[in-house]
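Structure assessment
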Amino acid sequence: MDNLTHSLVGLTAAKAGLDKLSPGATTLCVLAANAPDIDILVLIFRGRWAFLQNHRGITHSIVGSAALALALPLVFYFGDRVLAQLRKRDPQVRLEGLVLASILTTATHPILDWSNNYGMRFLLPWNPRWFYGDFTFVIDPIFWIVLGGAAFLATSSKRGHLVIWLVLALVPTYLVLVRSASEARAGNVNILRLIWIVVLIALVPLYRRELGRRAGRKIALAALATVMIYSAGLFAAHALALRKANTEALAVAHNNSEQVVKLAAMPTLANPIEWLCVFETNRATYKFDLSLLRDLPPAAAVARFEKPAALAATAVEQAERDERAQIFLGFARFPGMRVVGEDCATQTLVQFADLRYTEPGKVPGGGRGSFSLEVPVDCPLPEK
C-alpha cells in the first residue's frame with residue numbers, strides 16, 4: 001500500500017488508544033507503520049533495479065519486521081534518556097508501552113502490503129517465495145477517506161492542526177477528483193468522486209461540533225473497524241472473481257489444447273466489481289478484464305501472449321543472462337516476452353514485461369519503470 005495509507009493506519013491506531021501507552025507513542029506509531037519501507041534507501045543509493053530486487057524483501061519479512069518493531073522503541077527510549085540528561089529532567093517514555101505500540105503498528109505494514117498484487121516475501125532470509133493477497137488495490141481512496149477523516153477529527157483540536165490537515169488533503173483530493181479518471185474502470189469514477197465530496201462536506205459540521213474531542217478514541221476504533229469490514233468485503237469479492245476467472249481460464253485452455261499452470265484475479269482502483277485476470281498455460285499467458293455483474297468476456301477480448309519458441313527462444317535465452325533481466329524475472333509473476341528484429345534486419349531486442357502491470361512493447365524503449373525491460377541481443381541464427 002502507499003505510505004499515506006500506512007501513515008493514516010498508524011495515526012488512527014494511536015488515537016484508538018495506543019497513544020496512552022507512553023509519551024511519544026503517537027509519533028512512534030506513524031513511524032512504525034512505515035518502518036519496513038526503509039528499503040527505499042536501496043533506490044536512493046543503488047538504483048531502481050537493485051530496489052526491485054530488494055523492495056518488500058527482508059525489511060518486510062517476519063524477521064525483519066520484528067527487528068524493526070523492537071529497534072524503533074529502543075531509539076525512542078535511549079533518545080529520551082539523552083534528552084533528559086541534557087535538559088536535567090526525568091525520562092518520560094515508557095519502554096514497555098512503546099514496544100507494544102510498535103509491534104502492533106509495524107505488523108500492519110506487511111499485512112497491508114500482502115493484501116495487494118505486488119506481493120510479499122514473508123519467509124526471507126530462508127525462503128524467497130512471494131505471497132499475494134490480490135484483494136486490495138495498491139492505492140485505495142476508501143482507506144484514505146475513512147482513516148483520514150477519523151484521524152482529522154481526532155487530532156484537529158488546534159487551529160494549526162487544521163491548517164496542516166487542509167494542506168495534506170490537497171494531494172489526495174486532486175488524485176481522486178482529477179487523476180482517478182485515468183485509473184478507475186467501468187464508470188466508477190463518478191461514484192468515487194461523489195463519496196469523496198460527500199464525506200469532505202460531512203466532516204465540516206462534525207469538526208465544528210468537536211466530535212473528535214467528545215467521541216475520543218471511539219471514532220478511531222470505528223474507522224479501523226470500517227476498514228476491516230471493507231477489506232473483508234474485498235476479500236469475498238476476490239474469491240468470487242477468482243472462481244469466475246478460473247471458469248474462463250479452463251475454457252480458453254481447453255479450446256487451445258493447453259493446461260492452466262497458474263491464475264490470478266487482481267483488483268482495480270476502488271472497484272470491487274471489476275477485476276484484472278491473468279493466467280498462464282504451458283504454451284502462453286492470457287490477460288482479460290472480468291466483471292462480477294456481467295457474463296464472461298468473449299474470446300476476442302482475451303489477450304494472448306505466446307511463450308517464445310525457435311529463434312525467439314534463443315534470443316530470450318541470451319537476454320536472460322543480463323543482470324537486469326535476472327532481477328526482473330525474479331520479481332515478475334506473469335512475465336511476458338516479445339522478440340523484435342528476429343529477422344536480423346534491425347537490432348534484435350527482447351522485450352520483457354510483467355503482465356500484471358503492462359505488456360511487452362507497450363512503452364517504446366522499455367519505459368522508465370521497473371515493470372518492463374528491453375535487452376539488446378545478438379541476432380539469433382538458426383543452427384546448421
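Residues numbered from 1 in each chain as written. Predicted model: local features only at pLDDT ≥ 70, side-chain atom pairs only at ≥ 80, totals over all residues. Heavy atoms only, no water.

**Focus on the overall build of the protein chain**
The number of helices and strands found in the protein chain is 13 helices and seven strands. Principal axes of the C-alpha set define a box for the protein chain whose edges measure 85 × 50 × 30 Å. Among the 384 residues that make up the protein chain, the fraction classed as buried is 46%. Partitioning the contacts of the protein chain with sequence separation of at least 6, the portion at a separation of at least 24 is 60%. Split by element, the accessible area of the protein chain, about 20,000 Å² in all, is 63% carbon and sulfur. Of the charged side chains in the protein chain, 39 are positive and 30 negative; the average position of the first set lies 12 Å away from that of the second. (Helix = DSSP H or I, 4+ residues; strand = E, 2+ residues; numbered from the N terminus. Buried < 20%, exposed > 50% of the residue type's maximum accessible area, 1.4 Å probe, protein only. Contact = heavy atoms within 4.5 Å. Areas by Shrake-Rupley, 256 points an atom, 1.4 Å probe, with all protein chains shown as cover. Lys, Arg positive; Asp, Glu negative; His and termini not counted. Charge placed at Lys NZ, Arg CZ, Asp CG, Glu CD.)

**Describing the sheet that holds strand E3 (residues 284-291)**
The strand order across the open sheet formed by four strands is E1-E2-E3-E4, and the pairing between neighbours is antiparallel. The open sheet has two edge strands with one neighbour each: strand E1 (260-268) and strand E4 (303-306). Taking the axes of each pair of neighbouring strands and ignoring which way they run, one obtains an average angle of 20° across the sheet. Relative to E4, E3 runs antiparallel, the two sharing four bridges. The partner of Lys287 across the bridge, within E4, is Ala303. Here helix H11 (residues 217-255) sits on the sheet and contacts E1, strand E2 (271-281) and E3; the angle it forms with E1, its principal contact strand, is near 140°. (Pairing = 2+ DSSP bridges. Axes fitted to C-alpha atoms, helices over the stretch in contact; angles between N-to-C directions.)

**Quick look at the pattern of salt bridges**
Evaluation of the coordinates by the stated rule reveals 13 salt bridges. Between Asp113 and Arg56 there is a salt bridge whose closest N-O contact spans 3.6 Å. Pair noted here: Asp113 is in helix H6 (residues 95-114) and Arg56 is in the loop between helix H4 (48-54) and helix H5 (62-87), with a separation of 57 residues, a long-range link. The exposure class of Asp113 is buried, given its relative accessible area of 1%. (Salt bridge = Lys/Arg side-chain N within 4 Å of Asp/Glu carboxyl O.)

**Thoughts on helix H12 (residues 310-319)**
Think of an α-helix as turning once every 3.6 residues; residues three or four places apart then point the same way. Listed as buried for H12 are Ala312, Ala315, Val316 and Ala319. Projected down its long axis, H12 carries its buried residues within an arc of 100°, all on one side. The inward-facing, buried residues of H12 contact helix H13 (323-331), strand E5 (335-340), strand E6 (348-354) and strand E7 (372-377). (Arc of directions from axis to C-beta.)

**Points about unusual backbone geometry**
Across the junction of Leu124 and Pro125, the peptide omega takes the value 5°, indicating a cis bond. With respect to the helices and strands, Pro125 occurs in the loop between H6 and helix H7 (141-155). Even without glycine at this site, Asp134 takes up a positive phi of about 70°. Positionally, Asp134 belongs in the loop between H6 and H7. Asp134 gets classed as buried once you look at its relative accessible area, which sits at 4%. Although it is not a glycine, Glu210 sits at a positive phi angle of roughly 55°. On the basis of relative accessibility, which here comes to 39%, the residue Glu210 falls in the partly exposed class.

**Some words on the packing of aromatic side chains**
All chains considered together, the criterion is met by 18 aromatic pairs. Plain terms: the ring middles of Phe279 and Phe288 are 6.2 Å apart, the flat faces sit at 70° to each other, and that makes the pair edge-to-face. In this structure, Lys262 is placed above the aromatic ring of Phe334, and the distance from its NZ or CZ to the ring centre is 5.1 Å. The ring of Tyr132 has Arg333 sitting right over it, with the charged end atom 3.8 Å from the ring centre. (Phe/Tyr/Trp six-rings, centres within 6.5 Å; stacked < 30°, edge-to-face > 60°. Lys NZ or Arg CZ within 6 Å of the ring centre and 35° of its normal.)

**What about the sheet that holds E5?**
The three strands are arranged E5-E6-E7 in an open sheet whose pairing can be described as antiparallel. Each of the sheet's edge strands pairs with one partner strand only, and the pair in question is E5 and E7. Between one strand axis and the next, the sheet turns through 20° on average, direction left out of account. In this structure, E5 lies alongside E6, joined through six bridges in antiparallel fashion. Looking at the pairing, Val339 lines up with Val350 of E6.

**Some points on the environment of Arg56**
The exposure class of Arg56 is buried, given its relative accessible area of 4%. Taking the C-alpha atoms as reference, Arg56 lies 6.6 Å from Arg121; in sequence the two are 65 residues apart. Residues contacting Arg56, with those up to four places away along its chain left out, are Met1, Asp39, Asp113, Asn116, Tyr118, Gly119, Met120, Arg121, Trp130 and Val138.

**Some thoughts on the pairing of E1**
Both E1 and E2 contribute to a ladder of eight bridges, which runs antiparallel. Counted as the bridge partner of Leu263 is Phe279 from E2. Hairpin connection, E1 to E2: the antiparallel pair is bridged by two residues, and Ala270 has positive phi, about 50°.

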